[in-house]
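Below are the chains, spelled out letter by letter.
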Amino acid sequence: KIQLLEKKILDEKMIQEKSMEGSYEPMLKELLTENTIDTQVNVNDWKEAIIYGGKILEEEGTIDRTYTNSMVESVEKFGPYIVIAPHIALAHASSKDGVHKIGMSLITLDKGINFGNKENDPVYTVICLAAIDHNSHLKALSELVEALKEEQFNRLLRSSDKEGILQYIDKTGI
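Note that the structure is predicted; figures quoted are calculated from it, not measured.

*Asks:* Residues and numbers for the nonpolar core, please.
*Replies:* M104, L144, L148 and F153 are the most contacted members of the largest nonpolar core, which totals 28 residues. With six residues, helix α5 (residues 138-148) is the largest single contributor of residues to this core. Those residues in contact with M104 that sit more than four places away from it in its chain are L28, L31, L32, T36, L57, I127, C128, L129, A140 and L144.

Structure follows, in C-alpha cells:
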C-alpha cells in the first residue's frame with residue numbers, strides 16, 4: 001500500500017510540477033518538529049488518536065477544530081481507509097475545512113488502537129496531514145513515504161524515541 005501511495009504521489013507531483021513553479025513545498029523536517037511530534041500517547045480509541053494529533057496542529061495555528069472534526073468524520077463516513085500500512089494511519093480531510101497552512105503531526109501510541117482495518121490494525125502511529133491545496137504537501141508526503149519504507153525509521157516509531165525520530169528526519173535530509 002505504501003508503494004501504491006508513493007506512485008500516486010509521484011504521478012500527481014509530475015503532473016503538477018509545471019503549474020507549481022514558484023510555489024513553496026516544505027520538506028518533511030520543516031513539518032515534523034519538536035512541537036508536532038509526541039510519543040507514548042495514551043488514547044482509548046481511534047477518534048481520540050485523531051483528535052490528539054489534530055490538537056497538536058490546532059496549537060500550532062495550522063488548522064482549527066473544524067479540520068480535526070472533518071478528519072474524524074471522514075473515517076466515520078468512508079471507513080478506515082486512512083490506515084495506509086501495518087500499524088500506521090494517515091488522517092486528513094478537505095483543505096476547505098479549516099486549514100490555515102500546510103502542516104503535519106505525528107504521534108506514537110502507548111498501545112495499539114484498532115481502526116477497523118483487519119489487514120493493518122492495530123495502529124501505533126497516527127500522522128495528521130493538513131494541506132492547503134492539492135500540490136504543496138506532495139514533497140513532504142513523498143518524503144514521509146520514503147521514510148516509512150526504511151526499517152530504521154520504523155524501529156524508531158516503535159520505540160517511541162522522539163529525539164531519535166527528529167534526528168533521523170534531520171540527518172537524512174528529508
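*Asks:* Please give an account of the sheet that holds strand β4 (residues 103-113) that cites residues and values.
*Replies:* Pairing between the strands of a sheet comes from backbone hydrogen bonds, and it takes one of two forms, parallel or antiparallel. An order of β1-β4-β5-β3-β2 is seen for the five strands of this open sheet, with the pairing classed as mixed. The open sheet has two edge strands, β1 (37-41) and β2 (83-85), and neither has a second partner. The average undirected angle you get between the axes of adjacent strands in this sheet is 25 degrees. In terms of strand pairing, β2 meets strand β3 (residues 88-91) through two bridges, oriented antiparallel. Bridge pairing in β3 places A85 opposite I88.

*Asks:* Describe the pattern of salt bridges, naming the residues involved and giving the relevant values.
*Replies:* All chains considered together, the criterion is met by five salt bridges. The salt bridge partner of D170 is K29, with a shortest N-O separation of 4.0 Å. Of the two residues, D170 sits in helix α7 (residues 162-171) while K29 sits in helix α2 (residues 28-31), which places them 141 residues apart along the sequence. Note that E76 and K47 form a salt bridge whose closest N and O atoms lie 2.9 Å from each other. Taken together, the residues E76 in helix α4 (residues 65-78) and K47 in helix α3 (residues 46-59) connect sequence positions 29 residues apart. Residue class for E76 comes out partly exposed when judged on its relative accessible area of 46%. Since its relative accessible area comes to 34%, K47 is described here as partly exposed.

*Asks:* Could you give me a rundown of the packing of aromatic side chains, with the residues and numbers involved?
*Replies:* Counted according to the given criterion, the structure contains three aromatic pairs. Here W46 and F115 contribute two aromatic rings whose centre-to-centre distance is 6.1 Å and whose plane-to-plane angle is 35 degrees, an arrangement assigned as tilted. Remark: F115 occurs in the loop between β4 and β5 (123-130) and W46 occurs in helix α3; sequence separation between them is 69 residues. Judged by its relative accessible area of 6%, F115 is buried. Taking 5.2 Å as the distance between ring centres and 35 degrees as the angle between the ring planes, the aromatic pair formed by F153 and Y168 counts as tilted. Pair noted here: F153 is in helix α6 (residues 151-159) and Y168 is in helix α7, with a separation of 15 residues, a long-range link.

Conventions we followed
Residues numbered from 1 in each chain as written. Predicted model: local features only at pLDDT ≥ 70, side-chain atom pairs only at ≥ 80, totals over all residues. Heavy atoms only, no water. Core = buried A, V, L, I, M, F, W, Y, C linked by side-chain atoms within 4.5 Å. Buried < 20%, exposed > 50% of the residue type's maximum accessible area, 1.4 Å probe, protein only. Helix = DSSP H or I, 4+ residues; strand = E, 2+ residues; numbered from the N terminus. Contact = heavy atoms within 4.5 Å. Pairing = 2+ DSSP bridges. Axes fitted to C-alpha atoms, helices over the stretch in contact; angles between N-to-C directions. Salt bridge = Lys/Arg side-chain N within 4 Å of Asp/Glu carboxyl O. Phe/Tyr/Trp six-rings, centres within 6.5 Å; stacked < 30°, edge-to-face > 60°.

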